[in-house]
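# Summary of the model geometry
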Amino acid sequence: MANQEQLRILKQGAREWNLWRENHPDIRPDLKRIKWNHAELVGANLSDANLSYADLSWSNLNSASFSRANLKHANFAYANFVEANLSEADLSNACISSAHLFGANLSGAVLTDALCNHARFISANLSGADFIRANLDYSRF
């Protein structure tokens, strides 16, 4: 279950969230199992956060940072990750079907068993990304 105080701050938007992150650099955000479709989190710092089993489908996550985040089993179907940082993120068993990842950084990301069909990875940095058993049907690179 997500930390409700952290979720309350996140729902105030990226500006308030990033300020809170700056003031609490030692806290690893616990946002597991949140359900927030169509979230507007452009530029949010979600590095090192636990978003396992979260549902952020249809969300605008452009320029957000998910570096080293736990995104296992999360649902990001139809989400926008344009220019987002997903370096070293764990997306094992996650769903990023039909997501837009134009120019995203997925270097060192783990996408084992991820559902990536119809995802758009155009101009994305995929160096060292692990796509073992990922479903990449109809994806564009």
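Residues numbered from 1 in each chain as written. Predicted model: local features only at pLDDT ≥ 70, side-chain atom pairs only at ≥ 80, totals over all residues. Heavy atoms only, no water.

### Brief notes about unusual backbone geometry
What counts, and what does not: Each helix is a run of H or I in the DSSP string that is no shorter than four residues. Each strand is a run of E no shorter than two, and both are numbered from the N terminus.
At Ser63, a position not held by glycine, the phi torsion is positive, near 60°. You will see that His118, though not glycine, has its phi angle at about 65°, which is positive. In this fold, His118 is placed in the segment after helix 2 (14-23).

### Comments concerning the pattern of salt bridges
What counts is decided by this rule: The term salt bridge refers to a side-chain nitrogen of Lys or Arg lying within 4 Å of a carboxyl oxygen of Asp or Glu. Note on exposure labels: buried denotes an accessible area under 20% of the residue type's maximum, exposed denotes more than 50%, and partly exposed covers the range between, all computed with a 1.4 Å probe on protein chains only.
Tallying each qualifying case throughout the model produces 5 salt bridges. A salt bridge links Asp30 to Lys32; its shortest N-O distance comes to 2.9 Å. Overall, Lys32 belongs to the partly exposed group, its relative accessible area being 24%.

### Regarding the environment of Glu88
For the record, the criterion: The contact criterion used throughout is that any non-hydrogen atoms of two residues lie within 4.5 Å.
Its location among the elements puts Glu88 in the segment after helix 2. Owing to a relative accessible area of 53%, Glu88 belongs among the exposed residues under this scheme. For the pair Glu88 and Asp30, spaced 58 residues apart in sequence, the C-alpha separation works out to 18 Å. Leave out the neighbours within four places in its chain, and Glu88 touches Arg68, Ser107, Gly108 and Ala109.

### Here's the deal with the packing of aromatic side chains
For the record, the criterion: Any Phe, Tyr or Trp ring, taking Trp's six-membered ring, that has another such ring centre within 6.5 Å forms a pair; planes under 30 degrees apart are called stacked, those over 60 apart edge-to-face, and the others tilted.
On inspection of all chains with the given rule, the structure shows 7 aromatic pairs. The interplanar angle of 10° and the centroid separation of 5.0 Å between the aromatic rings of Phe121 and Phe141 together place this pair among those described as stacked. Of this pair, Phe121 sits in the segment after helix 2 while Phe141 sits in the segment after helix 2, placing them 20 residues apart in sequence. Given the relative accessible area of 1%, Phe121 is considered buried. The exposure class assigned to Phe141 is exposed, which follows from its relative accessible area of 55%. Chaining the aromatic ring pairs together yields one cluster made of Phe66, Phe76 and Phe81.

All quantities given are derived from atomic positions and should not be read as evidence of function.
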